[in-house]
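Chain and residue survey
Chain by chain, the residues run as shown.
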Amino acid sequence: MRRLCVHPLPLILGLGLAGAGLALAAGLIRIPDRWNPFAPPVIADAPNLLTGWKIARLKDAPDQCLTVLKTGPLSFTPVPDRQTAETCGFENAVRVGNAGDPRFSSGFTASCPLMVAWSIFERHVLQPAARRHFASRVTRIDHLGTYACRPVRGGSTPSQHATANAIDIAGMVLADGTRISLTHDWSGDDARKRAFLRDLRDGACEVFRGVLGPDYNAAHRDHFHLDMGRWTICR
Ligand SMILES: [Zn+2]
């Protein structure tokens, strides 16, 4: 009779990790909140490997999500959950106006976790990149919308836009009036603007789950699609 020989090390490691996870969840082990996967994200903290996971967990904690979002720069009001079709609608969403700093080109409705991700992106990626490349700051964000009851382009599965869990960014304006747009500047003549936009794309991938831009396909030549869906993609 053959005996199955199993090396004990993976089993011991697995049990050890599971035990550590349970102890962490139960509050028996203290580690800094930044490195505690069960602690909510903090907008003032620079993103790390756990940031995406922490933001995703807010999907099931609406009150905690609003508490986190209030510590950021956005002015917003919570909106009631709404289902508009079988695969469309939103829960745990907020209405963001066009009077913030930076201000959006128009108001929109978006999921709370998406706006927490945006707030972290704005503070730790967008504004530092504007300082680095232009010694300036972004004062206006031009967007192409968040909520839209539709499938992914060229497919049949519902888009993250169908649940207000995605935002499309077309460009931005700096404090001195300089305009930067994906359409003109991703492959334009201005090297600073090209480098700035690539830094935004790469930095967005540290915060959002889905990041699609002009390198992905022609449908994204004029915007960054940023979402907090289930799948991670960075193109
Ligand atoms: Zn999109």
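Quick look at the structure, then. These numbers come from a predicted model, not from an experiment.

Details of helix α6 (residues 191-204)
Over its 14 residues, α6 extends 20 Å from the first C-alpha to the last, a length consistent with the 20 Å expected when each residue adds 1.5 Å. When α6 is considered as a whole, its buried residues turn out to be K193, F196, L197, L200, R201, G203 and A204. Here α6 starts with a cap whose side-chain oxygen sits 2.9 Å from the backbone nitrogen of R192, and that cap is D190.

Some details on the layout of surface pockets
By volume, the largest pocket amounts to about 1200 Å³. Listing elements by their share of the lining of the largest pocket, those giving two or more residues are α2 (51-57), β2 (82-85), β3 (88-90), β10 (210-212) and β11 (224-227). When residues in the lining of the largest pocket are grouped by element, the largest group, 4 residues, is from α2. Split by residue class, the lining of the largest pocket holds 16 nonpolar, 17 polar and 12 charged. Its volume calculated, the second largest pocket comes out at about 170 Å³. Along the lines of polarity and charge, the residues of the lining of the second largest pocket split into 7 nonpolar, 3 polar and 2 charged.

Remarks on the sheet that holds strand β4 (residues 93-96)
With respect to topology, 3 strands assemble into an open sheet ordered β1-β4-β6, the strand pairing being antiparallel. Of all the strands in the sheet, the pair left with one neighbour each is β1 (76-79) and β6 (108-111). Strand-to-strand twist in this sheet, taken as the mean axis angle between neighbours without regard to direction, amounts to 35°. On the sheet, helix α3 (residues 62-70) packs against β1 and β4 and is oriented at approximately 170° with respect to β1. Packed on one face of the sheet, helix α4 (residues 112-134) meets β4 and β6 and runs near 95° to β6.

Overview of the packing of α4 against α6
The geometry of a pair of packed helices is captured by two quantities: the angle between their axes and the separation between those axes. Here α4 crosses α6 at 160°, and the two axes come no closer than 10 Å. Taken together, the axes of α4 and α6 are roughly antiparallel relative to one another. Taken as a pair, α4 and α6 cross one another with a handedness that is right-handed. Mapping the contact onto sequence places F121, V125, L126, A129, A130, R132, H133 and F134 in α4 and R192, K193, A195, F196, D199, L200, G203 and A204 in α6. In terms of residue class, the contact of α4 with α6 is built from 10 nonpolar, 2 polar and 4 charged.

What to know about the coordination of the zinc ion
Looking at the metal site, the zinc ion is ligated by H161 (NE2), D168 (OD) and H225 (ND1), spaced 2.0 Å from it. For the zinc ion, the single-chain donor residues occur in sequence as H-x6-D-x56-H. Of this pair, H161 sits in the loop between β7 (138-145) and β8 (166-174) while H225 sits in strand β11, placing them 64 residues apart in sequence. For H225, a relative accessible area of 8% gives the class buried.

Criteria and cut-off values
- Residues numbered from 1 in each chain as written.
- Predicted model: local features only at pLDDT ≥ 70, side-chain atom pairs only at ≥ 80, totals over all residues.
- Heavy atoms only, no water.
- Helix = DSSP H or I, 4+ residues; strand = E, 2+ residues; numbered from the N terminus.
- Expected span 1.5 Å × (residues − 1).
- Buried < 20%, exposed > 50% of the residue type's maximum accessible area, 1.4 Å probe, protein only.
- Polar contact = N/O pair within 3.5 Å; in protein donor to acceptor, adjacent residues only side chain to side chain.
- 1 Å grid on protein atoms, 1.4 Å probe; cavity = no way out; pocket = protein on both sides within 12 Å on 5 of 7 lines; lining within 4 Å.
- Points joined across faces, edges and corners; volume = space filled by probe spheres on them.
- Nonpolar A, V, L, I, M, F, W, Y, C, P; charged D, E, K, R; others polar.
- Pairing = 2+ DSSP bridges.
- Axes fitted to C-alpha atoms, helices over the stretch in contact; angles between N-to-C directions.
- Contact = heavy atoms within 4.5 Å.
- Parallel < 35°, antiparallel > 145°, perpendicular 65-115°, else oblique.
- Left-handed = near helix turned anticlockwise from the far one by under 90°.
- Donors = N, O, S within 2.8 Å, 3.2 Å for Na, K, Ca; no water.

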